Amino acid sequence: MASIASSAPEILIEHIASATTTIRVGSGGIMLPNHTPLRVAEVFQTLHALHPGRIDLGMGRAPGTDPATSRALRPFDGEQFPNQVQELLSLSRGTFPPEHAFASVRVVPGDVTLPPIWVLASSGATAAFAGSLGLGYAFARHFSPNPPGPAIRAYREHFSPSADFPRPHVILGVSVICAPTDEEADYLATTTDLTWVRLHRREFGLPLPSPEEASRYPYTSADRVIVDANRLRHFIGSPVRVAALLRHLDAETGADEIMVTSGMYGREERVRSYELLAAEWARQQSERTG
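Residues numbered from 1 in each chain as written. Predicted model: local features only at pLDDT ≥ 70, side-chain atom pairs only at ≥ 80, totals over all residues. Heavy atoms only, no water.

Some points on the pairing of strand β5 (residues 136–140)
Of all five residues making up β5, five are buried, and the element is well covered by its neighbours. Burial along β5 is two-sided: Gly136, Ala138 and Ala140 facing one way and Tyr137 and Phe139 facing the other are all buried. Considered for its hand, the β-α-β crossover made up of strand β4 (residues 117–121), helix α5 (residues 124–132) and β5 is right-handed. For β5 and strand β6 (residues 170–178), the ladder comprises four bridges, and the chain directions are parallel. The residue bridging Ala140 from the neighbouring strand is Gly173, located in β6. (Buried < 20%, exposed > 50% of the residue type's maximum accessible area, 1.4 Å probe, protein only. Helix = DSSP H or I, 4+ residues; strand = E, 2+ residues; numbered from the N terminus. Right-handed = clockwise from strand over helix to strand, strands pointing away. Pairing = 2+ DSSP bridges.)

Below, the structure written as structure tokens:
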């Protein structure tokens, strides 16, 4: 997608990890059907060796692109995602039975393990699968307007402790468009309206439209239905409004982390959105604990 830096996540992870010293850096995520498990194992064990304790492997099962590009990637069937995850783990751990065709395959480098693995999804079945393997779970609330509660409950109910995750750990991915006023935030959110309409038309190659372009766009009545549905995926408004909405969602789901993303057009506006929310969240937290 032209609007997301997603074509080579492992290269971006290395670039960011090399330029920083403390933050964790991960994929959000590797769409596993587009890759062979052996390739993913070797890439992320290499990253883990270079930056121990700082790398996360997030994986999903969606194609992540349009049908023609997906065919060019020679993908596996997305329904095979659970089998691919099992193959990835068995390759990394060397736990295939002797009679298996891959029993002699060795992941290089072999003196490190895979970093912690997170499954990215919005369905109960995939959440339960992640829990049964003792993996982390990230609910894609920024993609799906569906309530996250049922999937998170399925994850926790099926959770089996592992070395990386002795307890269930849930990340809630949310889309935030924050500005000094509700009116400005609503205007900046028009970028996501047109982006969502284009995605529904399978127009993946276009960059993010500016709010000016999105405001001039001649939406049809069918487009307006898509726009209304799109707005349900975002938390839009002033810092006070957005922070209150996120705290309500946090209390409702009991998520361990909230991960914020923003699909706004301008870089300055995106940075400001994060800063406004961070400041308001800290202010409210101080009031609650003080």
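Details of the pattern of salt bridges
Scanning the entire structure with this criterion turns up nine salt bridges. A salt bridge links Glu184 to Arg272, with the shortest nitrogen-to-oxygen separation between them at 2.5 Å. Note that Glu184 is positioned in helix α7 (residues 182–188) and Arg272 in helix α12 (residues 267–289), a separation of 88 residues in sequence. Close ionic contact of Arg283 with Glu287 constitutes a salt bridge, the shortest N to O distance being 2.5 Å. With Arg283 and Glu287 both in helix α12 and four residues apart, this pair spans about one turn of that helix. Connected through shared salt-bridge partners, Asp186, Asp193 and Arg231 make up one network. (Salt bridge = Lys/Arg side-chain N within 4 Å of Asp/Glu carboxyl O.)

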